[in-house]
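Fold and contact review
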Amino acid sequence: MVSPFDPFRWALAHGRHLELGPRGILMAIVNVTPDSFSDGGQFDGADAALAQAILCLEQGAEIIDIGGESTRPGAAAVTAAEEQDRILPVIEALAGSTEAIISVDTYRAETARLAVLAGAHIVNDVHGLQREPDIARVAAETGAGLCIMHTGRDRQKMPDVVEDQYLFLGRSLDIAREAGVERQAMVLDPGFGFAKDTDENLELMARFGELYGFGLPILAGTSRKRFLGAVTGREAAERDTGTAATTALLRVAGAAVFRVHDVAINRDALAVADAMLDTKRKVKAREERA
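Small disclaimer: the values here were computed from a predicted structure and weren't measured.

**Re the overall build of the protein**
Scanning the protein for helices and strands turns up nine helices and ten strands. Since a compact globule built from 290 residues should have a radius of gyration of about 19 Å, the 18 Å found for the protein is in line with a globular shape. Dimensions along the principal axes, computed over C-alpha positions, put the protein at roughly 60 × 40 × 40 Å. A total of 290 residues make up the protein; the buried ones form 52% of that total. Contacts spanning at least 24 positions in sequence make up 68% of the contacts within the protein whose residues lie at least 6 apart. Entry remark: accessible area of the protein is about 12,400 Å², with carbon and sulfur atoms responsible for 52%. Placing the 31 positive and 43 negative side-chain charges of the protein at their respective mean positions leaves the two points 5 Å apart.

**Description of the side chain of Asp164**
Checked against the element boundaries, Asp164 lands in helix α5 (residues 161-179). Looking at Asp164, the relative accessible area reads 2%, which means it is buried. A distance of 2.8 Å separates a polar atom in the side chain of Asp164 from a polar atom in the side chain of His150. Beyond its immediate stretch of four places on either side in the chain, Asp164 contacts His150, Arg155, Lys157 and Met158.

**Notes on the packing of helix α1 (residues 46-59) against helix α2 (residues 80-97)**
Contact pair α1 / α2: the axes reach a minimum separation of 9 Å and the direction vectors enclose 45°. On the basis of their axis angle, the class for α1 and α2 is oblique. Crossing of α1 over α2 shows right-handed handedness. Residues Ala46, Ala49, Leu50, Ala53, Ile54 and Leu57 of α1 touch α2, and the partners they reach there are Pro89, Val90, Ala93, Leu94 and Ser97. Considered class by class, the residues forming the contact of α1 with α2 number ten nonpolar, one polar and no charged.

**Quick notes on helix α8 (residues 240-253)**
Compared with an ideal rise of 1.5 Å per residue, which puts 14 residues at 20 Å, α8 spans 20 Å between its outermost C-alpha atoms and is within 8% of the ideal. Buried within α8 we find Asp240, Gly242, Thr243, Ala244, Thr246, Thr247, Leu250 and Arg251. In this structure, the buried side of α8 is in contact with α6 (198-206), β9 (219-220), α7 (226-232), β10 (257-260) and α9 (263-289). Following α8 by one or two positions, Gly254 has its phi on the positive side, about 115°.

**Points about the pairing of strand β6 (residues 122-125)**
A two-sided burial pattern is seen for β6, the buried positions comprising Ile122 and Asn124 on one face and Val123 and Asp125 on the other. One ladder, built from three bridges, connects strand β5 (residues 101-105) with β6; its direction is parallel. If you follow Val104 over to β6, its bridge partner there is Val123. Note that the unit made of β5, helix α3 (residues 109-118) and β6 has a crossover that is right-handed. Bridge count for β6 against strand β7 (residues 145-149) is four bridges, and the pairing is parallel. Within the sheet, the bridge partner assigned to Val123 lies in β7 and is Leu146.

**Remarks on the environment of Gly119**
Relative to the assigned elements, Gly119 resides in the loop between α3 and β6. The spacing of Gly119 and Val90 is 29 residues in sequence and 10.0 Å in space, taken between C-alpha atoms. Ignoring sequence-local partners within four residues, the contact set of Gly119 consists of His14, Ile91, Ala95 and Ile102.

**Overview of the packing of α2 against α3**
One can describe the packing of α2 onto α3 by two numbers: an axis separation of 9 Å at closest approach and a directional angle of 20°. By the angle between their directions, the pair α2 and α3 is classed as roughly parallel. The handedness of the crossing between α2 and α3 is right-handed. Across the interface between the two elements, Ala80, Glu83, Gln84, Ile87, Leu88, Ile91, Glu92 and Ala95 of α2 pack against Glu110, Thr111, Leu114, Ala115 and Ala118 of α3. Partitioned by chemical class, the residues of the contact of α2 with α3 number eight nonpolar, two polar and three charged.

So, how was this worked out
Residues numbered from 1 in each chain as written. Predicted model: local features only at pLDDT ≥ 70, side-chain atom pairs only at ≥ 80, totals over all residues. Heavy atoms only, no water. Helix = DSSP H or I, 4+ residues; strand = E, 2+ residues; numbered from the N terminus. Rg over C-alpha atoms; globule rule 2.2 N^0.38 Å. Buried < 20%, exposed > 50% of the residue type's maximum accessible area, 1.4 Å probe, protein only. Contact = heavy atoms within 4.5 Å. Areas by Shrake-Rupley, 256 points an atom, 1.4 Å probe, with all protein chains shown as cover. Lys, Arg positive; Asp, Glu negative; His and termini not counted. Charge placed at Lys NZ, Arg CZ, Asp CG, Glu CD. Polar contact = N/O pair within 3.5 Å; in protein donor to acceptor, adjacent residues only side chain to side chain. Axes fitted to C-alpha atoms, helices over the stretch in contact; angles between N-to-C directions. Parallel < 35°, antiparallel > 145°, perpendicular 65-115°, else oblique. Left-handed = near helix turned anticlockwise from the far one by under 90°. Nonpolar A, V, L, I, M, F, W, Y, C, P; charged D, E, K, R; others polar. Expected span 1.5 Å × (residues − 1). Pairing = 2+ DSSP bridges. Right-handed = clockwise from strand over helix to strand, strands pointing away.

Rendered as structure tokens:
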């Protein structure tokens, strides 16, 4: 099995790339929505969203993930036009004023196409390409990086949490390959919190290393999730310390990218984890020379 700490050149749209593996990468969440579970309405407008994105870059994020539809359970659906009206001006402004790597959080193929045209580099699909499979074709044709997420929503899950990852994501990878998406463009997300209870989320963390059988980098999106509230007793807006703990733990377990609300606290958690991992590599090299 390939080590999750080995370099992986993640190929993105517009000739960009990110080096994954040797150090953790932060993806900042910017929800241009009125109803997201922990920050709904805070950045519900292009100017506020752009200001938040720039702040996240200053704090250490390397990717800005822009979404226009809440994915919390029970959230009101929006039309494709509403989603596009929310996010495209932000993507255009961010691409025109910064060198940020921009991700679009959508499951809609047409939204993804327009977002990449506006300057996005990554397509982040919480339905794992299985709601609108044409989104994989969009990624292949535009050269966008593709983040493929596992979800347990609206289907019968397998009893074993890791077996279900392989079942669902295996189907997603088949869709991606058939559409012509290259391996170097893909990153997987196990979908913490998406139709998973507290025990399932914690087991997924405990067995994280079993996901590397896919041979692809893994993105971890635990930020402010309900299972952290169950463990800590804190409400959504107070879960950033718990999130940072999972960031450090999952970085040591090999996760490559971390999708977070609070960049600063997770940057520090990653700095400590990466410093320890670097020391561990030096100790191993010293022992091998002895």
